[in-house]
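Residues per chain, in single letters:
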Amino acid sequence: GLRASVLYDQDNWTFWSFPITQSGQPAPLERGSHLQVRVNLLSDAFFDFVSLDSLWIETSPPLAQQVVGELARFDDPAPARGLTEVRLGERTDFTYDLRAEFTGAGQQGFDAIKVRTSSRPQFKQLLMGTALQAVEPLAVTEGEDELIVQLPERITRGSNEPIRLVFGTEVYVFANTFTGEVFDTESSDLPQLIEEGDVRDEVNSASLQVYGLAAGGDRTIQDLRFSSGVVTPNGDGANDELRVEYQLFKLPQPLPVELVVYSLDGREIARIDQGVQGAGPQIARWDGKAADGQALPPGLYLLDLSIRSELKDFRHLRAVGVAY
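What this report covers is the structure whose coordinates are included nearby. (Residues numbered from 1 in each chain as written. Predicted model: local features only at pLDDT ≥ 70, side-chain atom pairs only at ≥ 80, totals over all residues. Heavy atoms only, no water.)

Concerning the overall build of the protein
Here is step 1: Helix and strand counts for the protein stand at zero helices and 22 strands.
Here is step 2: Taken along the three principal axes of its C-alpha coordinates, the protein extends 75 × 60 × 50 Å.
Here is step 3: Buried residues in the protein amount to 38% of all 324 residues.
Here is step 4: Taking the intrachain contacts of the protein between residues at least 6 apart in sequence as the baseline, contacts between residues at least 24 apart amount to 69%. (Helix = DSSP H or I, 4+ residues; strand = E, 2+ residues; numbered from the N terminus. Buried < 20%, exposed > 50% of the residue type's maximum accessible area, 1.4 Å probe, protein only. Contact = heavy atoms within 4.5 Å.)

Structural data, given as structure tokens:
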């Protein structure tokens, strides 16, 4: 009647990756070779039924046998504890080293790299070769949360140069993985995931993770700034809209954000849904009017910026004036 212990088979099996729930998102298979699919069929009425017509999983040959990446701070490539640590919200320069391995003739290589940073990055430098000499990329794209660099030459089995990207960005969560992928701009093949590991001897992180150290206390909402202390919604183009700029820290996932306007006696005047926002710089807007679109009497009002999660709400209250 006793149940035996369950042991993890490290020799023949690996952990499942995090679930993928969005269409078109590449699967981070790494060394894996199995897929597990769960399909939920929902209907609007009891007597309705739903059927699944097809399931499409697209695959393509790997661009290389393996592409390994290693991340470190530019000013501290070999931290004492082997962990890449930064101050939350402070712009930091990073190095992102890559090493590709080729074993088969069908592995055609790649000529571009994408790094996901979770906040807007700034490209600094591309270095290639054994001596890591600076070279000019063919193209650089700095997105809201990713950096794309097209290499001046293709990485193949016959021309396999070491690569280092240098870029700056901010970190707003305690633990963040700078995932990346390589791809071929001249082919429709799928990109290949960059796996974390040991790339260079002078870098000892062997990881793509960054750990944030608390800055500005434990507040989730920080650096709250108004475009003006007074909003004047009279249509003259000056301060017609109030822009509320702020930074969100330590959010493990995007959460709903609301801007609620109160009168000084506590009555709710307007509630503006700002959608779902994640860690990093954000913006909320208010047109200076009541919920029904009517003009408000001149005076002082309270703005409550709130983030709602399952466990608790994070709020920041500040006064703003309305004038005409």
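What to know about unusual backbone geometry
Here is step 1: Even without glycine at this site, Asp223 takes up a positive phi of about 55°.
Here is step 2: With respect to the element layout, Asp223 can be found in strand β15 (residues 221–226).

Some remarks on the sheet that holds strand β1 (residues 66–73)
Here is step 1: With mixed pairing, the six strands of this open sheet are ordered in space as β6-β5-β9-β3-β1-β13. For this open sheet the edge positions go to β6 (133–135) and β13 (195–196), each flanked by a neighbour on one side alone.
Here is step 2: When β1 meets strand β3 (residues 92–101), the two strands line up antiparallel, connected through eight bridges. Bridged to Gln66 within β3 is Glu101. (Pairing = 2+ DSSP bridges.)

Side note on the pairing of strand β9 (residues 163–169)
Here is step 1: Among the seven residues in β9, seven count as buried, and that is most of the element.
Here is step 2: Burial along β9 is two-sided: the face carrying Ile163, Leu165, Phe167 and Thr169 and the face carrying Arg164, Val166 and Gly168 are both buried.
Here is step 3: Where β3 and β9 come together, seven bridges link them in antiparallel fashion. Among the inter-strand pairings, Leu98 is bridged to a residue of β9, identified as Ile163.

Looking at a nonpolar patch on the surface
Here is step 1: The grouping of Leu35, Val37, Val39, Leu41, Val50, Leu52, Leu55 and Ile57 at the surface amounts to a nonpolar patch, some 710 Å² of accessible area in total.
Here is step 2: Mapped onto the secondary structure, Val37 falls in the segment before β1.
Here is step 3: Accessibility expressed as a relative area gives 49% for Val37, which makes it partly exposed. (Patch = residues over 30% accessible without salt bridge, like charges linked within 9 Å, V, L, I, M, F, W, Y side chains within 5 Å. Areas by Shrake-Rupley, 256 points an atom, 1.4 Å probe, with all protein chains shown as cover. Salt bridge = Lys/Arg side-chain N within 4 Å of Asp/Glu carboxyl O.)

Concerning the side chain of Asp97
Here is step 1: Summarising the element assignment, Asp97 is placed in strand β3.
Here is step 2: On the basis of relative accessible area, Asp97 is assigned to the buried category, the value being 1%.
Here is step 3: A polar contact of 2.8 Å, which involves the side chain of Asp97, links it to the side chain of Arg164.
Here is step 4: When sequence neighbours within four positions are dropped, the list of residues in contact with Asp97 reads Val68, Gly69, Glu70, Ile163, Arg164, Val199, Arg200 and Val203. (Polar contact = N/O pair within 3.5 Å; in protein donor to acceptor, adjacent residues only side chain to side chain.)

Structural notes on the pairing of strand β11 (residues 180–183)
Here is step 1: With burial as the criterion, each face of β11 is covered, one bearing Gly180 and Val182 and the other bearing Glu181 and Phe183.
Here is step 2: Here four bridges tie strand β4 (residues 110–116) to β11, and the two strands are oriented antiparallel to one another. Looking at the pairing, Val115 lines up with Gly180 of β11.
Here is step 3: In this sheet, strand β12 (residues 192–193) lies alongside β11 in antiparallel orientation, the contact comprising two bridges.

A closer look at the pattern of salt bridges
A side chain with one charge may pair with a side chain of the opposite charge, provided their charged atoms come close.
Here is step 1: The full count for this structure, using the stated rule, is 20 salt bridges.
Here is step 2: Ionic pairing is found between Asp75 and Arg73, a salt bridge with its closest N-O pair at 3.0 Å.
Here is step 3: Residue Arg73 is classed as partly exposed on the basis of its relative accessible area of 23%.
Here is step 4: Shared partners join several salt bridges into a network, and the residues in it are Asp111, Arg154, Asp184 and Glu186.

Overview of the environment of Ala206
Here is step 1: With respect to the helices and strands, the residue Ala206 is situated in the loop between β13 and β14 (209–213).
Here is step 2: Under the relative-accessibility criterion, Ala206 is labelled partly exposed at 35%.
Here is step 3: Residues Ala206 and Arg225 lie 19 residues apart in sequence; the distance between their C-alpha atoms is 39 Å.
Here is step 4: The residues touching Ala206, leaving out its near neighbours within four places in the chain, are Glu70, Glu196, Gly197 and Asp198.

A closer look at the packing of aromatic side chains
Here is step 1: The final tally for this structure, using the stated rule, is six aromatic pairs.
Here is step 2: Taken together, the aromatic side chains of Phe94, Tyr96, Phe167 and Phe178 make up a single cluster linked through ring pairs.
Here is step 3: Stacked on the ring of Phe226, the Lys or Arg Arg318 has its end atom at 5.4 Å from the ring centre. (Phe/Tyr/Trp six-rings, centres within 6.5 Å; stacked < 30°, edge-to-face > 60°. Lys NZ or Arg CZ within 6 Å of the ring centre and 35° of its normal.)

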